Amino acid sequence: MSGALAVEVVTSPEQLDAAFAIRVTVFVGEQHVPLELEKDAADAEPGTVHFLGFLDGTPVGAARLLPPPAPGAAAHIGRVAVLAHARGRHVGTALMRAIEAEAWRRHAEGGWPRSERDEASGTDSVRIELSAQETAVAFYQRLGYVVGGRRYLDAGIWHRDAVRTLTGPPSGLEG
């Protein structure tokens, strides 16, 4: 059964509450991450963008995007979570593509510092980093992220860093 899939940038306190509820269900409830580690100061920073993924109008996924802190730095995706009953229905892919599109839009409109610029070709790019749980590495690789080899514990869960450089707006929901 396939439901209508949509992703929205969070614009209201009610949507933010829904995003937090999803994150708490997945990270705190399922993965036993302490609540004080799951929610942090970055959630409330002015440049942070939160996202909600919907199936048939019901929130089932959440994620956040942190802007590059300085020119030459990368934007950072984090707190990507999809409720158990919605996994395998492309919600994670839709969230990631929406986040990438928003990162590119903010970069293109001049709202963010430039990540990289190839002076020879004059091409701008936006570098996006994330900290991938090892169980999700294949998912991020399918989406074009290059995953590093160094593993580390974060909140008691093994992670590896991953990066993708956008040289234009992302297309479609492939992956």
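Cut-offs and rules
- Residues numbered from 1 in each chain as written.
- Predicted model: local features only at pLDDT ≥ 70, side-chain atom pairs only at ≥ 80, totals over all residues.
- Heavy atoms only, no water.
- Salt bridge = Lys/Arg side-chain N within 4 Å of Asp/Glu carboxyl O.
- Helix = DSSP H or I, 4+ residues; strand = E, 2+ residues; numbered from the N terminus.
- Buried < 20%, exposed > 50% of the residue type's maximum accessible area, 1.4 Å probe, protein only.
- Core = buried A, V, L, I, M, F, W, Y, C linked by side-chain atoms within 4.5 Å.
- Contact = heavy atoms within 4.5 Å.
- Expected span 1.5 Å × (residues − 1).

Caption draft 1: Representation of the pattern of salt bridges. Counted according to the given criterion, the structure contains 14 salt bridges. A salt bridge links E38 to R79, with the shortest nitrogen-to-oxygen separation between them at 3.4 Å. Separated by 41 residues along the polypeptide, E38 in helix α2 (residues 35-38) and R79 in strand β4 (residues 75-82) bring together distant segments of the chain. With a relative accessible area of 2%, E38 lands in the buried category.

Caption draft 2: Spatial organisation of the nonpolar core. Counting 30 residues, the largest nonpolar core has L65, I77, M96, L130, Y140 and Y145 as its most contacted members. Broken down by secondary-structure element, the contributors of at least two residues to this core are β2 (49-55), β3 (58-66), β4, α3 (91-108), β6 (123-133), α4 (137-142) and β8 (157-166). Element by element, the count of residues in this core is highest for α3, at six residues. Leave out the neighbours within four places in its chain, and Y145 touches I77, M96, E100, I128, L130, Y140, A162, V163 and R164.

Caption draft 3: Quick look at the environment of S131. Inspection of the secondary structure assignment puts S131 in strand β6. Sequence-wise, S131 and H159 are 28 residues apart; in three dimensions their C-alpha atoms are separated by 6.1 Å. With residues up to four places along the chain from it excluded, the contact list for S131 reads H76, I77, Y152, H159, R160 and D161.

Caption draft 4: Region of the structure containing α3. With 18 residues, α3 extends 25 Å between its outermost C-alpha atoms, agreeing within 8% with the 26 Å of an ideal straight helix rising 1.5 Å per residue. Where burial is concerned, most of α3 is hidden: 13 out of the 18 residues are buried. G110 occupies a position one or two residues after α3 and carries a positive phi of about 85 degrees.

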